[in-house]
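Working through the structure, step by step
Residues per chain are reported as follows:
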Amino acid sequence: MKKTMLSCLLLALFSCDDGDLQIEQVDFDSVSISNCGEEEDATETTFFFKIDGDEALILDLEGGLLANETSETGTITSAIPSSSSLTYRLFSDDVSSDYFCSNIPPIEPMVMEENTATGGTLGIETKILSAARNVKNYGHQITITGLTLVNAQGESITDTSSFNYGTFTTSVANSASLEIPFSNYSDIDSYVECLENPIEGTIRLYKTINDEFLSLDVPFDQLVNTVTENTPRSVDISGGALRYVVADVEISEDMPCSTAQLSEDINSWYYNSIGGSLKIETLAGEADENGNITYTHNFTIDSLILQLKGNGDDVDDVQLPLIENVEMGSYTTFGN
């Protein structure tokens, strides 16, 4: 069986002791990462363990490192042992998750050997694993570099390479399935306009949040600098004028303005409008000293139906529940 860097490190470490303990094989490659599931918000989880028979690899993670958003590689790190800790234990018999998750740990099995990491850097890379009708699922890959282990005799060994501790998964409601749909975009003051509009006769407006974006294709003639009085303008968006797109990378400025799907190297999920009407209410501000007037176009969508597009092979399109009414922000133009 192929040994991981950690396996070799432990073997080398134990070969330095007095011979009372000899381990022929240590391999956590095929072992899934576990936790006790005690946190209401899974991103607040800090205690993890991996069990392989009578062995366990225990991680106490620094708090605040996990978040349901895509991270840049190398930006989330934690020092061992000052901020996070890693411990290897050998037990007298096979151990189960109950040992770690019980309020009072059982007496058996007994800890026969414990080795603590005295150095190393822990890194976390987070990205979306999948998106579905209601949720986004994130994977938090935990790696450790430059690990130093010390045994009971005080002997230590260091390896400068990296090993993968495991991937912890969490889920969060997608923006369309929030208690107030797309309310996370309300903190963004206004839409950005694409410099080149991909559909003739329309203006594409978009907002981005980390690994997703929201775009609207609005006909030019519906954004005129004229107050709407009592009746807002109405635009049919059943043909995909609204797009909500999720990707496993951070969204760049050019992504929302393209007519094509994102690169094949990027896993992406498209929620397109197949029903609904965009209501546009236009308000005018006071003229400035040069006679220029600011016009604010407030967007609301009625009877919105979104469809998560399948891949056309073994994944079918999925329709989301009807959103009866949702405020979608505003866009500003100027005139005199």
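In this text the structure is predicted, and so the values were computed from the model without any measurement.

What follows deals with the overall build of the protein chain. Secondary structure assignment for the protein chain yields two helices and 16 strands. Its C-alpha atoms give the protein chain a radius of gyration of 27 Å, more than 25% over the compact-globule value 20 Å for 336 residues. For the protein chain, the spread of C-alpha atoms along the principal axes amounts to about 90 × 45 × 40 Å. With 336 residues in all, the protein chain has 43% of them scored as buried. Considering only intrachain contacts with a sequence separation of at least 6, the fraction spanning at least 24 residues in the protein chain is 63%. Accessible surface for the protein chain amounts to roughly 17100 Å². Of this, 45% is attributable to carbon and sulfur atoms. For the protein chain, the distance from the average site of its 13 positive side-chain charges to the average site of its 56 negative ones is 8 Å.

The subject of this paragraph is the packing of aromatic side chains. All told, the structure shown has 11 aromatic pairs when counted by the stated rule. Ring centres of Tyr-244 and Tyr-271 lie 4.9 Å apart, and the angle between their planes is 35°; this geometry places the pair in the tilted category. With a gap of 27 residues between them, Tyr-244 in strand E12 (residues 242-247) and Tyr-271 in strand E13 (residues 268-284) connect regions that are remote in the sequence. Judged by relative accessible area, which is 0%, Tyr-244 ranks as buried.

With that settled, consider the nonpolar core. In terms of nonpolar packing, the biggest core is built from 33 residues, with Phe-182, Leu-242, Phe-299, Ile-301, Leu-304 and Met-328 touching the most fellow members. Taken together, the elements giving at least two residues each to this core come down to strand E5 (111-131), strand E9 (202-209), strand E10 (212-219), E12, E13, strand E14 (293-308) and strand E16 (323-335). If you tally residues by element for this core, the top one is E14, at five residues. Among all residues touching Leu-304, those that are not within four sequence positions of it are Phe-182, Ile-237, Leu-242, Ser-273, Gly-275, Gly-276, Pro-321, Leu-322, Ile-323 and Val-326.

Right, let's talk about a negative patch on the surface for a bit. A surface patch of negative charge is lined by Glu-38, Glu-39, Glu-40, Asp-41 and Glu-44. Tracing the chain through its elements places Glu-38 in the loop between helix H1 (5-14) and strand E1 (47-52). Given the relative accessible area of 60%, Glu-38 is considered exposed.

It is worth spelling out the state of the cysteines at this point. Each disulfide consists of one covalent bond between the sulfur atoms belonging to two cysteines. Using the criterion set out here, one finds two disulfides in the structure. With a sulfur-sulfur separation of 2.1 Å, Cys-36 is cross-linked through a disulfide to Cys-101. Here the disulfide of Cys-36 and Cys-101 is left-handed, its torsion about the S-S bond being about -90°. Of this pair, Cys-36 sits in the loop between H1 and E1 while Cys-101 sits in helix H2 (residues 97-101), placing them 65 residues apart in sequence. Disulfide partner of Cys-194: Cys-257, at an S-S distance of 2.0 Å. Handedness of the Cys-194-Cys-257 disulfide follows from its S-S torsion of about -90°: it is left-handed.

Next up on the list: unusual backbone geometry. Cis geometry marks the peptide bond from Ile-80 to Pro-81; its omega dihedral reads 5°. Residues Glu-108 and Pro-109 are joined by a peptide bond in cis, for which omega reads -5°. On the secondary structure map, Pro-109 appears in the loop between H2 and E5. With a phi close to 60°, Glu-229 is a non-glycine residue in the positive phi region. Positionally, Glu-229 belongs in the loop between E10 and strand E11 (233-236).

Put simply, the largest pocket is a space of about 340 Å³. In this structure, the largest pocket is lined by 16 residues; those nearest its centre are Ser-268, Trp-269, Lys-309, Gly-310 and Asn-311. A per-element tally of the lining of the largest pocket places E13 first, with three residues. In terms of residue class, the lining of the largest pocket is made up of eight nonpolar, five polar and three charged. There is about 240 Å³ of room inside the second largest pocket.

What counts and what doesn't
- Residues numbered from 1 in each chain as written.
- Predicted model: local features only at pLDDT ≥ 70, side-chain atom pairs only at ≥ 80, totals over all residues.
- Heavy atoms only, no water.
- Helix = DSSP H or I, 4+ residues; strand = E, 2+ residues; numbered from the N terminus.
- Rg over C-alpha atoms; globule rule 2.2 N^0.38 Å.
- Buried < 20%, exposed > 50% of the residue type's maximum accessible area, 1.4 Å probe, protein only.
- Contact = heavy atoms within 4.5 Å.
- Areas by Shrake-Rupley, 256 points an atom, 1.4 Å probe, with all protein chains shown as cover.
- Lys, Arg positive; Asp, Glu negative; His and termini not counted.
- Charge placed at Lys NZ, Arg CZ, Asp CG, Glu CD.
- Phe/Tyr/Trp six-rings, centres within 6.5 Å; stacked < 30°, edge-to-face > 60°.
- Core = buried A, V, L, I, M, F, W, Y, C linked by side-chain atoms within 4.5 Å.
- Patch = residues over 30% accessible without salt bridge, like charges linked within 9 Å, V, L, I, M, F, W, Y side chains within 5 Å.
- Salt bridge = Lys/Arg side-chain N within 4 Å of Asp/Glu carboxyl O.
- Disulfide = S-S within 2.5 Å.
- 1 Å grid on protein atoms, 1.4 Å probe; cavity = no way out; pocket = protein on both sides within 12 Å on 5 of 7 lines; lining within 4 Å.
- Points joined across faces, edges and corners; volume = space filled by probe spheres on them.
- Nonpolar A, V, L, I, M, F, W, Y, C, P; charged D, E, K, R; others polar.

On their own, these measurements won't tell you what the molecule is for.
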